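# Residue-level structural notes
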Amino acid sequence: MTLNRRTLAAGALALAAAFGPLMAPAAHADDRERLASKGIEALHELEATEPRSRFFAHHAKAVLVFPSVLKAGFVFGGETGNGVLLVDGKPDGYYNLSGGSWGLQIGGQDFAYAIFFMTDGSMAYLRKADGFAAGTGPSIVVINKGAAVSADTTSLTQDVYAFPFNGKGLMADLTLQGTKITRIHPR
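In this report, we go over the structure that sits alongside the text. Owing to the predicted nature of the structure, the values given are computational and were not obtained by experimental measurement. (Residues numbered from 1 in each chain as written. Predicted model: local features only at pLDDT ≥ 70, side-chain atom pairs only at ≥ 80, totals over all residues. Heavy atoms only, no water.)

## Here's the deal with the packing of aromatic side chains
- For the structure on display, the rule yields six aromatic pairs.
- Aromatic side chains Phe56 and Phe116 sit 6.2 Å apart centroid to centroid with 40° between the ring planes, which places their arrangement in the tilted category. Of this pair, Phe56 sits in helix α3 (residues 51-59) while Phe116 sits in strand β2 (residues 90-117), and the two are 60 residues apart along the sequence. Phe116 matches Phe56 in its accessibility class, with the two residues each being buried.
- Summarising the aromatic geometry, the rings of Phe111 and Tyr113 are spaced 5.4 Å apart at their centres and angled 70° between planes, so their arrangement reads as edge-to-face. A single burial state applies to Phe111 and to Tyr113, both of which are buried.
- Each member of the aromatic cluster is reached from another via a ring pair, and the members are Phe55, Phe56, Phe116, Tyr161 and Phe163. (Phe/Tyr/Trp six-rings, centres within 6.5 Å; stacked < 30°, edge-to-face > 60°. Helix = DSSP H or I, 4+ residues; strand = E, 2+ residues; numbered from the N terminus. Buried < 20%, exposed > 50% of the residue type's maximum accessible area, 1.4 Å probe, protein only.)

Pasting the structure below:
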């Protein structure tokens, strides 16, 4: 079988149709109470299973929790999920995480993200920009489960720390590359 432009274009169109709904973030935003409740529950679950996250939560200015991020791909991929910004444990804003990628990838996954904003500057950037694209704003360190990262006051040198957790499904590369975080206004 030979691959020509028409075959590749048809494949790309089929993938866009299959994964396009993942990229429609704000149209189907969860309502505020439900999203806040899920976010708080997800953060408590992370703190119960990952001891370092308790330390980061205690020292963070705010925590942005995405209780469910759907990621899928077959050569082209996409991810999306809605989250709540918690300041002193109370909802203070709602955001969507979405992104796209291409390359050697296949699979699908549902996971959660907790993003800890450690500095006033990172919080100011989030609020001023109504979100940000990963890699364009404050420095972000992604801490995967089992990674050897110590958590003490001398190691808090970055603006933002992100914990992916509760992964279900099969897909590699839980990073924030190519990801945009945008403020939303659910009902």
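Further notes follow.
## Looking at the nonpolar core
- If you look at the biggest cluster of nonpolar residues, it comprises 21 residues, and the most contacted ones within it are Phe56, Val63 and Phe116.
- Counting residues per element, the ones that place at least two in this core are α2 (32-49), β1 (62-87), β2 and β5 (160-170).
- Ranked by the residues each element gives to this core, the list is headed by α2, at five residues.
- Counting residues in each nonpolar core, the second largest holds 17 residues, with Ala62, Val69, Phe111 and Ile115 among its members. (Core = buried A, V, L, I, M, F, W, Y, C linked by side-chain atoms within 4.5 Å.)

## So, the environment of Arg187
- Mapped onto the secondary structure, Arg187 falls in the segment after β6 (179-184).
- Residue Arg187 is classed as exposed on the basis of its relative accessible area, which comes to 70%.

## Here we look at unusual backbone geometry
- A positive phi angle, near 70°, is found at Val75, a position not held by glycine.
- You can see Val75 is positioned in strand β1.
- Under the relative-accessibility criterion, Val75 is labelled partly exposed at 37%.
- The backbone phi angle of Asp88 is positive, close to 55°, even though this residue is not glycine.
- A residue is classified by how much of its surface remains accessible, and Asp88, at 72% relative accessible area, is exposed.

## With respect to the pattern of salt bridges
- Counting across every chain of the model gives three salt bridges.
- Between Arg52 and Glu50 there is a salt bridge whose closest N-O contact spans 2.8 Å. In this pair, the class of Arg52 matches that of Glu50, namely buried.
- Across the salt bridge formed by Asp92 and Arg127, the nearest N and O atoms sit 2.5 Å from each other. One end of the pair, Asp92, is in strand β2; the other, Arg127, is in helix α4 (residues 120-129), with 35 residues separating them in the sequence.
- Judged by its relative accessible area of 32%, Asp92 is partly exposed.
- On the accessibility criterion, Arg127 (37% relative accessible area) is partly exposed. (Salt bridge = Lys/Arg side-chain N within 4 Å of Asp/Glu carboxyl O.)

## Thoughts on the environment of Val75
- For the pair formed by Val75 and Trp102, sequence separation is 27 residues and the distance between their alpha carbons is 5.4 Å.
- Apart from the residues within four sequence positions on either side, Val75 is in contact with Ser101, Trp102, Gly103 and Gln105. (Contact = heavy atoms within 4.5 Å.)

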